[in-house]
Each structure stands twice: as C-alpha cells, then as structure tokens.
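# Descriptive analysis of the structure
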Amino acid sequence: MNPIDPNCRSSWHGRLQLTYRHHHAKTQAVEHYGIAPLKVQRAFYPEGDAICHNTILHTAGGIVGGDRLQIAIDLQPEARAVITTAAAGKIYTSNGHLASQTIVQNIGDKACLEWLPQETIIFDGAIFNQHLRVNLAPTASWLGWEILRFGRTARGEKFTNGIWKSATEIYRAGDPVWIDRQLLVGDETIDRANSLAGYPIVGSFAWIAPGGSVPADAGVSKELVINARSLFTGEPSRIGVTRLSAGLLCRYRGDSTTEVRQWFTAVWHLIRSSFLSSPPIHPRVWQ
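An account of the accompanying structure is given in this report. (Residues numbered from 1 in each chain as written. Predicted model: local features only at pLDDT ≥ 70, side-chain atom pairs only at ≥ 80, totals over all residues. Heavy atoms only, no water.)

## Some points on the overall build of the protein
In terms of helices and strands, the protein carries three helices and 17 strands. Referenced to the eigenvectors of the C-alpha coordinate spread, the extents of the protein come out at roughly 55 × 45 × 35 Å. Of the contacts made within the protein by residues no fewer than 6 positions apart, 73% connect residues no fewer than 24 positions apart. Accessible surface, the protein: about 13,100 Å² in total, of which carbon and sulfur atoms supply 51%. (Helix = DSSP H or I, 4+ residues; strand = E, 2+ residues; numbered from the N terminus. Contact = heavy atoms within 4.5 Å. Areas by Shrake-Rupley, 256 points an atom, 1.4 Å probe, with all protein chains shown as cover.)

As structure tokens, this is what we get:
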C-alpha cells in the first residue's frame, strides 16, 4: 500500500453527533460523540455565552471512494450555534466507488444554527453524493452556505470526469420550505452556459427566517435583496439574489474563492444585523 495515495487506504464510515442545550442563558454542547475520521474541537464563546462556536475536524484529510460520513446536529429550544470546519474539504479522485456524506440538522423552537463550512474542493474524477436535511421547529431559523471548487485549479486541473450530486432539503414542522437538488457530470458539457460556463467555483447561501410562509412574513423585503446584491463588488453577472418562501437565497458562479467568501460573509453580517440583533464574530479557525 502506498501511504501517499488516499485511494489506497480503507474506506471510513465516520459519524458525528452534536446536541446543544440552552440553559441559564448559555448554549452548550451537551453531547458530542464521534467516530473517526470526524471529531469536534472544543467550544469557543467569542460572542458571549448565548452563542456556541464549534469547529468540525475531518482527521483523514479528505474523502475517497467508499467513504460514508454521517453528521447529526440537534439544537434544543433557544440554543444558538455557529459551526464551521477546520480546513477546506477535499473529495479525492474516485477509486471506482461512491463517496457520500449525509447531514441531518434538527433545530428547536427559537433556536438558530449558522452552518458555515469552509470551501470544498472536488477533484477531477470524484464520485460524490451529499445530502443535507434541516428540520425546523415553527420558530426556528437557519443560515448556511456552501462553496465548491471543481478541480484543483491551482494545478490547472478541471472537473472533466466524475459525478457530483447534491440535495439540500429544509422542512418546517414537516412541510417543505426549500428543496435544492443539483447534479454535475464532468464531461465536455461542463463549460456550457447552463453549467459552469468555464468557471470552477459555485456557491450557495441561504437564510431561513423563523416562521412565516411568504416573503412578507419572513421579513425579507425587496430592499434586503437589493442590499445583498449591492454587497458584491465584482461582475454582477456572477451572482443572483432572490427571496425564498421564507427567507433569502444568494448564488455565485465565478473563479475566486476570496470573492465569494467575502460576499457571503458580508451578507451574513447583513442578516445578523437585520434579524438576529448582533454583528457576528468570525470563527477563530478562519484567521
């Protein structure tokens, strides 16, 4: 076995369970159970006791064919958590087997999860299926983003082989709020206008406000959409901003991780000031 080749190692079937409780004005991770290669670093409270900051660590360095990862996150009523990852994720070239990641997040009444993983790099030839399901109580809220780079562009690599499949499903009290399913096949069509259009990076940012089933109820006004667009300083054709049935959705397609991350972070600040009454403090691992 060549220890340098990630496809030569045995596959991982990793699990991580995190449960947060709000008690005496403090949010704490009262349960954190992990099976390698997933673990969580110790909590930080840069914003005070009410908001718990945690960082998920993938100790294997990347995901290969045959890996199956499962993450379950539960926020009990009134808990607030900001969760990120320790480094950019990597989905390696497949050894012929499917790699998968399933994440289930349950958010209780008056609780809020801010799910802010770092960039994921999809290597050429990767075969990957990911599924995120968020179950919201009637007064819960959720904010999350995803930034994907297709191919190791610093090496001149493009995603010309492989399959990336994604499903994000957000429900409130069992009713669908936002369902987003995507499929990208690495072949000669990848540079078409309705695909990557020659760009290697795509990103999605979503905010689901507590309660409400129409934009007016969610408090997402036309002015908020305009403000979110105005925070992007690059070429306007690279982005889109729209109202969801109960929140806000931002999309990016371009060639700069720095550009999309700065924009998403600015929109995060906008959402915090508009809905959550506090400017965010960035996770320490981002520094």
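## Some remarks on the packing of aromatic side chains
Counted according to the given criterion, the structure contains 13 aromatic pairs. When the centroid spacing of 6.3 Å and the interplanar angle of 85° are considered together, the rings of W145 and W268 count as edge-to-face. Of this pair, W145 sits in strand β12 (residues 141-150) while W268 sits in helix α3 (residues 257-276); the two residues are 123 residues apart in sequence, bridging distant segments of the chain. Judged by its relative accessible area of 4%, W145 is buried. When the centroid spacing of 5.8 Å and the interplanar angle of 65° are considered together, the rings of W268 and W286 count as edge-to-face. Placement of the pair is W268 in helix α3 and W286 in the segment after α3, with a sequence separation of 18 residues. (Phe/Tyr/Trp six-rings, centres within 6.5 Å; stacked < 30°, edge-to-face > 60°. Buried < 20%, exposed > 50% of the residue type's maximum accessible area, 1.4 Å probe, protein only.)

## With respect to the packing of helix α2 (residues 222-230) against α3
At a closest axis distance of 9 Å, the pairing of α2 and α3 adopts a crossing angle of 150°. Judged on the interaxial angle alone, α3 and α2 are roughly antiparallel. Both α2 and α3 take part in a crossing whose hand is right-handed. The residues of α3 that touch α2, namely those facing L224, N227 and A228, are W263, V267, L270, I271, S274 and F275. Grouping the constituent residues of the contact of α2 with α3 by class yields seven nonpolar, two polar and no charged. (Axes fitted to C-alpha atoms, helices over the stretch in contact; angles between N-to-C directions. Parallel < 35°, antiparallel > 145°, perpendicular 65-115°, else oblique. Left-handed = near helix turned anticlockwise from the far one by under 90°. Nonpolar A, V, L, I, M, F, W, Y, C, P; charged D, E, K, R; others polar.)

## Here we look at the sheet that holds strand β11 (residues 127-136)
An order of β2-β1-β5-β8-β11-β13-β14 is seen for the seven strands of this open sheet, with the pairing classed as mixed. Only two strands of the sheet have a single partner each, and these edge strands are β2 (26-35) and β14 (175-185). Going across the sheet, the axis of each strand differs from the next one's by a mean of 5°, ignoring polarity. The pairing of strand β13 (residues 163-172) with β14 spans 10 bridges and is antiparallel. Bridging across to β14, E169 finds its partner in I179. (Pairing = 2+ DSSP bridges.)

## Regarding the nonpolar core
Where a protein is soluble and globular, its nonpolar side chains tend to be buried together. Ranked by internal contacts, the top residues of the largest apolar core, which has 47 residues, are Y20, I73, L75, I83, L113, W142 and F150. With residues near it in sequence (within four places) discarded, I83 still touches L18, Y20, N54, I56, I73, L113, E114, W115, L116 and P117. Counting residues in hydrophobic clusters, the runner-up holds 30 residues, among them V220, W268, I271 and L276. (Core = buried A, V, L, I, M, F, W, Y, C linked by side-chain atoms within 4.5 Å.)

## Digging into the pattern of salt bridges
Applying the stated criterion to the full structure yields 10 salt bridges. Residue R272 is joined to E47 by a salt bridge in which the shortest nitrogen-to-oxygen separation is 2.7 Å. Separated by 225 residues along the polypeptide, R272 in helix α3 and E47 in the loop between β3 (38-40) and β4 (51-58) bring together distant segments of the chain. As far as burial versus exposure is concerned, R272 and E47 are alike and both buried. A salt bridge links D255 to R238, with the shortest nitrogen-to-oxygen separation between them at 2.8 Å. With a gap of 17 residues between them, D255 in the loop between β17 (247-254) and α3 and R238 in the loop between α2 and β16 (239-244) connect regions that are remote in the sequence. You can call D255 partly exposed: its relative accessible area is 42%. What you see here is one network of salt bridges that share partners, running through E47, R80, E114 and R272. (Salt bridge = Lys/Arg side-chain N within 4 Å of Asp/Glu carboxyl O.)

## So, the pairing of strand β6 (residues 80-85)
In regular strands, side chains alternate between the two faces of the sheet. Of all six residues in β6, six are buried; the element is thus mostly enclosed. Relative to β6, β4 is paired through six bridges, and the arrangement is parallel. The residue bridging I51 from the neighbouring strand is R80, located in β6.

## Focus: the environment of D191
The topology assignment puts D191 in the loop between β14 and β15 (201-208). For D191, a relative accessible area of 36% puts it in the partly exposed group. The spacing of D191 and T160 is 31 residues in sequence and 9.7 Å in space, taken between C-alpha atoms. Only 3.4 Å separates the side chain of D191 from the backbone nitrogen of G198, close enough to count as a polar contact. (Polar contact = N/O pair within 3.5 Å; in protein donor to acceptor, adjacent residues only side chain to side chain.)

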